[in-house]
Amino acid sequence: MADKKPILTIKNLYKSFGALKATDDVSLDLYEGEIHALIGPNGAGKSTLIKQISGDYQSDSGSIHFLDQDLAGLGVAERARAGLGRTFQVSSLALEFSALRNVMLAVQSKSGSSFKFFKSVQKDADLIEPAMQMLKEVGLEGRADIPAAELSHGERRQLEVAIALALKPKAFLLDEPMAGLGPAGSKNLTGFLDQLRHQAPILLVEHDMDAVFALADRISVLVYGRIIAAGTVDEIRGNPLVREAYLGEEAS
Amino acid sequence: MVNLSRENGFNFLLAAGLLIIPFIAQSMDEPFGITLATRVAVLALAGVGLNLALGSGGLVSFGHAAFFGLGGYVAGILAHHALNYEPIMLSPFEINGTTEMLIIWPLAMLVSGLAALLIGYFSLRTSGVYFIMITLAFAQMIYYFAISWPAYGGEDGLPIYLRNTFPGVNTMDPISFFLIAYVILLLVIALVHVLNNSRFGAALQAARQNDERLSAVGIAPFNIRLVAFVISAMITGLAGALQADLLKFVDPSALSWHMSGEIMIFVILGGVGRLFGPVAGAALFILFESIFGGMTEYWMLFLGAVLLIVVLFARGGLVGFIAGKARHG
């Protein structure tokens, strides 16, 4: 992998909330075609880090480069347009809109300006067809017309993925996509993400260790805002620091 | 839950009812009825403006009187200069007043829109209660400025001695003026309908539902909201210009927070985010005013009770009560 250029490079990133160092000198990168998993106990700062990358939080210091572009100063929307496709830890959808219209919003953003005032979106095949295609990819085409508020928890997670797909991102930021899915749902999504890495690399925050070990090319372990270990699945499994800090009984 | 045809039917009844009333009033030799219907049309238009911000965009502006009043003052000031043959300014070039509605309206919309651009640029960085208070504060600033500026009547207001003119129409004829206001109302409602269904409308409604989601797909909510706020203000400003011509008078009360509250009441009574909600709301308001206003000066007490009932038990307002919950395709 050394000959490839990373898609996403994070260098010496810091973020404090008062006395709490939520992100403490974090560096990591994401290469084409890989799934890089970010694991760590609750409160380790995984979500803070994701929010620094997505643009919700501005970093205190350090740099984030994405496709050779410095992301400093860019807002959430600009970073999304630059090609960061993101799913939320807790589903974040336009709840009154149907599943289809949620995806159409992403297609609309991808296809250019939203300052188009006259043509009705309800009949706009340029929006509807690609959106429907994305729903099919996640297996939600039968629920296209259901308002997001009426979808089940699992369906909402699928919808989040469909929206991220519709953005045709250059990298995915997936914040606990398995959260709250049953075993069958997790297994399905694991298979799906396994393929997805060929479309764009994935920075995956996940608590489901079966999924992480099945999917990840590399793992970074975050504890109290610091990366205490990084490496392949086997290296992380064998790392005594990680066992102690995080995996505990689970890994034995 | 959804009954779109029912809502369309109710909207049609509202539109038809509002159109018929002035003609009935005229045949019964009750010209005051024409004025009432015209007021409904003008106030409904102000509400349609606010409804774009409040209903579609979720922007609870408590300062829309600023735009209503500015529109009114544009009409009043232009007419004042034209009727007194005083240019508005001489250098660097001469600008004269006008009594031509077709010039007054775009200018009223331009001034309201520019004010909204400025107010929105600052206030849209906040949300919730802060947004409400900042829009209120801006509107009050303009209100006190109007009161303290003697050139255009200050507290006493500015009379328009002759109603402004429209090519080919005798605007002094109450029915003709009603029809002008009515046609504008329906055209603007049609425009808002188109906007709501466009890509812009989709982004605006998404910003109301979940701005985090909208940002995450790469659309900055601030820009969308700012444009919506400006369009909304332009519509309310146009209504203000019509109101000035209807009353042949404009005074600072058009800018006061009472007015902002009234416009909001039209929207809430009729149904927030419903296309014809402001028409239903303004009609209800004027109906209450003319029925109970004659009996007691405390008629607002009844209105308040109705508003309370709507807020507590019928969130969709009158339109929602009749046609059921709103739906997005």
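Residues numbered from 1 in each chain as written. Chains lettered and ligands numbered in written order. Predicted model: local features only at pLDDT ≥ 70, side-chain atom pairs only at ≥ 80, totals over all residues. Heavy atoms only, no water.

Overview of the overall build of chain B
Scanning chain B from terminus to terminus reveals 13 helices and two strands. Computed over the C-alpha atoms, the radius of gyration of chain B is 19 Å, within 12% of the 20 Å expected from 2.2 N^0.38 for a compact globule of 329 residues. Overall, chain B is about 55 × 50 × 40 Å in size when its C-alpha atoms are taken along their principal axes. Looking at chain B as a whole, 55% of its 329 residues are labelled buried. (Helix = DSSP H or I, 4+ residues; strand = E, 2+ residues; numbered from the N terminus. Rg over C-alpha atoms; globule rule 2.2 N^0.38 Å. Buried < 20%, exposed > 50% of the residue type's maximum accessible area, 1.4 Å probe, protein only.)

Considerations on the sheet that holds strand β8 (residues 202-205) of chain A
Residue and element names in this part refer to chain A. The strand order across the open sheet formed by six strands is β6-β7-β8-β3-β9-β10, and the pairing between neighbours is mixed. Looking along the sheet, the strands with just one partner apiece sit at the ends: β6 (84-87) and β10 (226-231). Within this sheet the neighbouring strands show an average axis-to-axis angle of 15°, counted without direction. Relative to β10, strand β9 (residues 218-223) is paired through five bridges, and the arrangement is antiparallel. Bridge pairing links I219 to G231 in β10. (Pairing = 2+ DSSP bridges. Axes fitted to C-alpha atoms, helices over the stretch in contact; angles between N-to-C directions.)

Observations regarding the domain arrangement of chain A
All names here are of chain A. Taken domain by domain, chain A holds domain 1 (6-83 + 169-251) and domain 2 (93-153). Here the C-alpha centre of domain 2 lies 28 Å away from the C-alpha centre of domain 1. Each partner contributes to the interface: domain 1 provides five residues, whereas domain 2 provides five residues. Across the interface of domain 1 and domain 2, roughly 390 Å² is buried in total on both sides, 39% from carbon and sulfur atoms. At the boundary of domain 1 and domain 2, one finds zero salt bridges. The interface formed by domain 1 and domain 2 includes one residue pair in polar contact (both at pLDDT 80 or more). For the side of domain 1 that touches domain 2, the residue count by class is two nonpolar, two polar and one charged. (Domains from an automatic or database assignment. Contact = heavy atoms within 4.5 Å. Buried area = accessible area lost by both parts, 1.4 Å probe. Salt bridge = Lys/Arg side-chain N within 4 Å of Asp/Glu carboxyl O. Polar contact = N/O pair within 3.5 Å; in protein donor to acceptor, adjacent residues only side chain to side chain. Nonpolar A, V, L, I, M, F, W, Y, C, P; charged D, E, K, R; others polar.)

Notes on the environment of B:L54
All names here are of chain B. Looking at the element boundaries, L54 is found in helix α2 (residues 31-56). In the structure, L54 is positioned 175 residues away from F229 in sequence and 9.1 Å away in space, judged by C-alpha atoms. Residues within four places of L54 in sequence aside, it is in contact with L59, V60, M264, V267 and V272.

Quick notes on helix α5 (residues 128-148) of chain B
All names here are of chain B. Spanning 21 residues, α5 covers 31 Å between terminal C-alpha atoms, matching the ideal 30 Å at 1.5 Å per step. Here α5 has its buried residues at F131, T135, L136, F138, A139, Q140, Y143 and A146. Lining the buried residues of α5 we find α3 (64-84), α4 (101-123), α9 (221-247) and α10 (257-270). (Expected span 1.5 Å × (residues − 1).)

Notes on the packing of helix α3 (residues 99-110) of chain A against helix α7 (residues 199-209) of chain B
Closest axis-to-axis distance for the α3(A)/α7(B) pair is 11 Å, and the angle between their directions is 120°. The chirality of how α3(A) crosses α7(B) is left-handed. Taken together, the residues of α7(B) that come into contact with α3(A) (itself represented by A:R101, A:L105 and A:Q108) are B:R199, B:F200, B:A202, B:A203 and B:A206. In the contact of α3(A) with α7(B), the residues fall into five nonpolar, one polar and two charged. (Left-handed = near helix turned anticlockwise from the far one by under 90°.)

A look at the pattern of salt bridges
All names here are of chain A. For the structure on display, the rule yields 15 salt bridges over all chains. Where K5 meets D68, a salt bridge forms, and the shortest distance between an N and an O atom there is 3.1 Å. Taken together, the positions of K5 in the segment before β1 (6-17) and D68 in the loop between β4 (61-66) and β5 (69-70) put the pair 63 residues apart, joining distant regions of the chain. When sorted by exposure, K5 lands in the same class as D68, which is exposed. Between K119 and D124 there is a salt bridge whose closest N-O contact spans 3.6 Å.

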